[in-house]
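For reference, the chains in residue letters:
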Amino acid sequence: MTTTNILIVGAGAIGAFCASRLSFAPNTKVSCICRSNYKAVSTSGFSITSPTFGSYVFTPAHTFANPEEAADSKIEWDYVLVSTKALPDVSDDSMILEGLLEEGRTAIVLVQNGLGVEEPYTKRFPGVTVLSAVTIISAAQEEPGVIKHNRWTRTNIGPYLPGTTDDTKLDAKQQSAVDSNTKFVELLKKGGIKDADAYSHAKLQMVRWHKIAINAAMNPSAVLSSGTTNNAMSLDPELSRHLKGVMEEVLSTAPKVLGTPLPKEFATPEAIIRSTQKNTSGSKPSMLLDWEQGKKMELEVILGNPMRIAREHGLEMPRLQSLYALLRMAQENRDAAKKGSKL
Ligand SMILES: NC(=O)c1ccc[n+]([C@@H]2O[C@H](COP(=O)([O-])OP(=O)(O)OC[C@H]3O[C@@H](n4cnc5c(N)ncnc54)[C@H](OP(=O)(O)O)[C@@H]3O)[C@@H](O)[C@H]2O)c1
């Protein structure tokens, strides 16, 4: 059997956890490009703790210090999984993939939150297959190379084929993207992610909208309410109304943009609020963690892009617009103050 070679770009919480599971699939070698965690990972690999899989060490087949080292290895990558934070206002991470892809062989797998994350990759590499993934895995890198999987593994992946619907007759290239997608989902399943699922392009974009309904409601509100957990927000009468309002705005805009209703099985805002009220784990949304650590937040892909995509369709999203305008300026002011204090 031939070996499947997978390269991880963005080997943080999600990237390293996915890498560790994929490494259990037969005939699969998983390598990582590391950055600030390079020293720790090249010395001792990743230490993973998980309520589902226990504690284990994952040693990448190759640990690269930068993309050039990965390109110099001359390994022919079947999949390049990107799980950097999606920050188009800071960097175009598609650049990292220059020299790593082979058209007709490599598929890019984007495991990132938000809308419009695929575009920089399809623009730079128009001939390369892009698979788009939404995961609800909750994980954190607690210190370099130390990954804590908190809960959940559900991951949906679809080939990124804009312009197609579930009724479109796919050409050979599009069909090969579907096959590549199916194979990747199989690898995840063999690695223990039993609830990995292959979706069509159209359904995956619906999942993206549904996930950002939750992210756009919880993440900015946790920051703007000065560090309130999801659970506490969902239990506060006014904040909970606000969360529901944001989710309703996103979920009522999505069908108008996508041209098709969202599946009935997707959780409603009420169900999401009820489940958040029961989740007392005290976990903080990633945007809040980024804000607290003085890092850039994924504002553009979670708030800015949905708002702009809606506008292209003649639709306004006033709740998202307010959250976006306020947080973007808060981030700008914070960064300016940081710069000023360093002068
Ligand atoms: N964590 C979760 O529970 C969760 C759940 C669902 C979805 N997501 C989504 O998954 C994506 C990844 O999130 P995450 O929590 O895994 O983020 P993370 O822990 O911050 O990991 C991102 C990794 O990318 C690395 N990176 C960034 N730019 C790089 C570059 N140019 N070259 C090499 N490495 C680079 C970072 O290195 P440095 O450490 O050196 O910056 C870091 O290790 C985001 O879109 C997030 O919204 C996260």
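Residues numbered from 1 in each chain as written. Predicted model: local features only at pLDDT ≥ 70, side-chain atom pairs only at ≥ 80, totals over all residues. Heavy atoms only, no water.

The protein chain appears in an unreviewed UniProt entry as 2-dehydropantoate 2-reductase from Hymenoscyphus albidus. As stated in UniProt under Function (unreviewed entry), the record for the protein chain gives "Catalyzes the NADPH-dependent reduction of ketopantoate into pantoic acid." Recorded under Sequence similarities (unreviewed entry), the UniProt text for the protein chain is reproduced unchanged: "Belongs to the ketopantoate reductase family." (UniProt positions renumbered as here; feature names shortened; annotations may be inferred.)

What follows covers the site of the ligand. As a structural note, the neighbourhood of the ligand is formed by 20 residues, with Ile14, Ser36, Asn113, Ile137 and Glu298 the closest of them. Between Asn113 and the ligand, the recorded distance is 2.9 Å, taken from a side-chain N or O atom to an oxygen atom. Within the backbone of Ile137, a nitrogen or oxygen atom sits 3.4 Å from an oxygen atom of the ligand. Its free accessible area being 900 Å², the ligand has 81% of it covered by the protein chains. Residue assignment for the shell around the ligand shows that the elements contributing at least two residues are α1 (13-22) and β9 (138-143). Of the residues assigned to the shell around the ligand, the class counts are seven nonpolar, nine polar and four charged. (Near = heavy atom within 4 Å. Polar contact = N/O pair within 3.5 Å; in protein donor to acceptor, adjacent residues only side chain to side chain. Areas by Shrake-Rupley, 256 points an atom, 1.4 Å probe, with all protein chains shown as cover. Helix = DSSP H or I, 4+ residues; strand = E, 2+ residues; numbered from the N terminus. Nonpolar A, V, L, I, M, F, W, Y, C, P; charged D, E, K, R; others polar.)

Evaluation of the coordinates by the stated rule reveals 16 salt bridges. Here Lys203 ties to Glu265 by a salt bridge, and the two come within 3.0 Å at their closest N and O atoms. Taken together, the residues Lys203 in helix α6 (residues 201-224) and Glu265 in the loop between α8 (237-258) and α9 (269-278) connect sequence positions 62 residues apart. Owing to a relative accessible area of 55%, Glu265 belongs among the exposed residues under this scheme. With its nearest N and O atoms 2.7 Å apart, the salt bridge here joins Asp335 to Lys296. Residue Asp335 is located in helix α12 (residues 318-342), and its partner Lys296 is located in the loop between α10 (286-292) and α11 (299-312); the two are separated by 39 residues in the primary sequence. In the salt-bridge network here, residues are joined through shared partners; they are Lys296, Arg334, Asp335 and Lys338. (Salt bridge = Lys/Arg side-chain N within 4 Å of Asp/Glu carboxyl O. Buried < 20%, exposed > 50% of the residue type's maximum accessible area, 1.4 Å probe, protein only.)

Here the focus is the nonpolar core. Within the largest apolar cluster, 60 residues are counted, with the highest numbers of intra-cluster contacts made by Leu7, Leu97 and Ile108. Per-element tally for this core: the top contributor is α6, with eleven residues. Counting residues domain by domain, this core receives three or more from each of domain 1 (4-199) and domain 2 (204-342). Once you skip the residues sitting within four places of it in the chain, Leu97 turns out to touch Val9, Val80, Val82, Ile108, Tyr121 and Phe125. One finds Ile14, Val111, Phe184 and Leu188 within the second-largest nonpolar core, a separate group that totals 34 residues. (Core = buried A, V, L, I, M, F, W, Y, C linked by side-chain atoms within 4.5 Å. Domains from an automatic or database assignment. Contact = heavy atoms within 4.5 Å.)

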